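# Tertiary structure, described
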Amino acid sequence: MVREEDEAWVSDQLGRLPSIPYTVAARSREGWPIVIELAEYDRQGRPQSNWFWLVDRRLVQAVARVEARRGVRRAEELVDPRALELAQHAHASARRHVPHPRIAGARAGVKCLHAHLALWLAGGFSPVGVWTAAAVVALDPSLAELLTDVEA
């Protein structure tokens, strides 16, 4: 569900209006959207492989810092590849109407920690999302409450 005030919040957090129809997939304890769920098709009818989008600016910036510290490579090294493949399969099964429905568009391995964290925060299965949440908290312990007190 998207409330009227959500539109302004999401636009402010992203710095633009989303170009794809969405609903709110996860909210902070205060009720603000932190993850949005994108429609399978954009307004022009083109299929979209992205499913969940991290919109909370604090989390987006924190994940960018993790990625800048070789986070994608570290996640690939540390997360069980079988668990990652299971997550990719679950994602593809749920998004089966979209061409190449891989998490963050990755054909293999990990491509975007933001997408994995968004999927996990929205209640989806993502061992990389779990790893990313821990890496974010290690860099910025003040975000622990935001990551653990989510309404999905």
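For the chain, the name recorded in an unreviewed UniProt entry is DUF501 domain-containing protein, with Acidimicrobium ferrooxidans as its organism.

### As for the overall build of the chain
Secondary structure assignment for the chain yields 7 helices and 3 strands. By the burial criterion, 45% of the 152 residues in the chain qualify as buried. With the model as given, the accessible surface of the chain reaches about 8100 Å², and the carbon-plus-sulfur share is 54%.

### Re unusual backbone geometry
One non-glycine residue, Arg70, lies in positive phi territory at about 65 degrees. Among the secondary structure elements, Arg70 is positioned in the loop between helix 2 (57–68) and helix 3 (71–78). Accessibility expressed as a relative area gives 48% for Arg70, which makes it partly exposed.

### Some thoughts on the side chain of Asp56
Tracing the chain through its elements places Asp56 in the loop between strand 3 (52–54) and helix 2. Aside from chain neighbours lying at most four places away, what touches Asp56 is Trp9, Gln13, Ile34 and Leu146.

### Examining the nonpolar core
Formed by 30 residues in total, the largest nonpolar core has its most connected members in Val35, Phe52, Leu54, Leu59, Leu113, Leu121 and Val136. Listing elements by their share of this core, those giving two or more residues are strand 1 (22–27), strand 2 (33–38), strand 3, helix 2, helix 3, helix 5 (113–121), helix 6 (127–139) and helix 7 (144–148). If we ignore the near neighbours within four places in the chain, the residues touching Phe52 are Ala25, Val35, Ile36, Glu37, Ala118, Leu119 and Ala122. In this structure, Tyr22, Ile36, Leu38 and Val55 belong to the second largest nonpolar core, which totals 6 residues.

### Some words on the sheet that holds strand 2
One open sheet accounts for 3 strands, arranged 1-2-3; its pairing is antiparallel. Both edges of this open sheet fall to strand 1 and strand 3, since each of them pairs with a single strand only. The average angle at which neighbouring strand axes cross in this sheet is 35 degrees, direction not considered. Examined bridge by bridge, strand 2 and strand 3 share 3 bridges and lie antiparallel to one another. Each residue of the ladder has a partner; that of Ile36, found in strand 3, is Trp53. Against the sheet, helix 5 touches strand 1, strand 2 and strand 3, its axis set at about 110 degrees to strand 3.

Reading the values: rules and limits
- Along each chain, numbering runs from 1 in the same order as the chain's sequence is written.
- Reporting of local features is limited, given that this is a predicted model, to residues whose pLDDT is at least 70; pairs of side-chain atoms are given and counted only at 80 or more, and all residues count toward the totals for whole chains, interfaces and linings.
- Note that water and hydrogens are dropped before the side-chain values are worked out from all heavy atoms of the structure.
- The helix count covers DSSP runs of H or I at least four residues long, the strand count covers runs of E at least two residues long, and both are numbered beginning at the N terminus.
- Three exposure classes are used, based on accessible area relative to the maximum for each residue type with a 1.4 Å probe and protein chains only: buried under 20%, partly exposed in between, and exposed over 50%.
- Per-residue and other accessible areas follow the Shrake-Rupley method at a 1.4 Å probe size, with only the shown protein chains counted as cover for residues.
- In this description, contact between two residues means that some pair of their heavy atoms is separated by no more than 4.5 Å.
- Think of a nonpolar core as a cluster: buried Ala, Val, Leu, Ile, Met, Phe, Trp, Tyr and Cys residues, connected wherever their side-chain atoms sit within 4.5 Å.
- Here the rule is simple: two strands pair whenever DSSP picks up at least two bridges between them.
- Structural elements are reduced to axes, namely lines fitted to C-alpha atoms, with helices fitted over the stretch in contact, and the angle between N-to-C directions of any two is expressed from 0 to 180 degrees.

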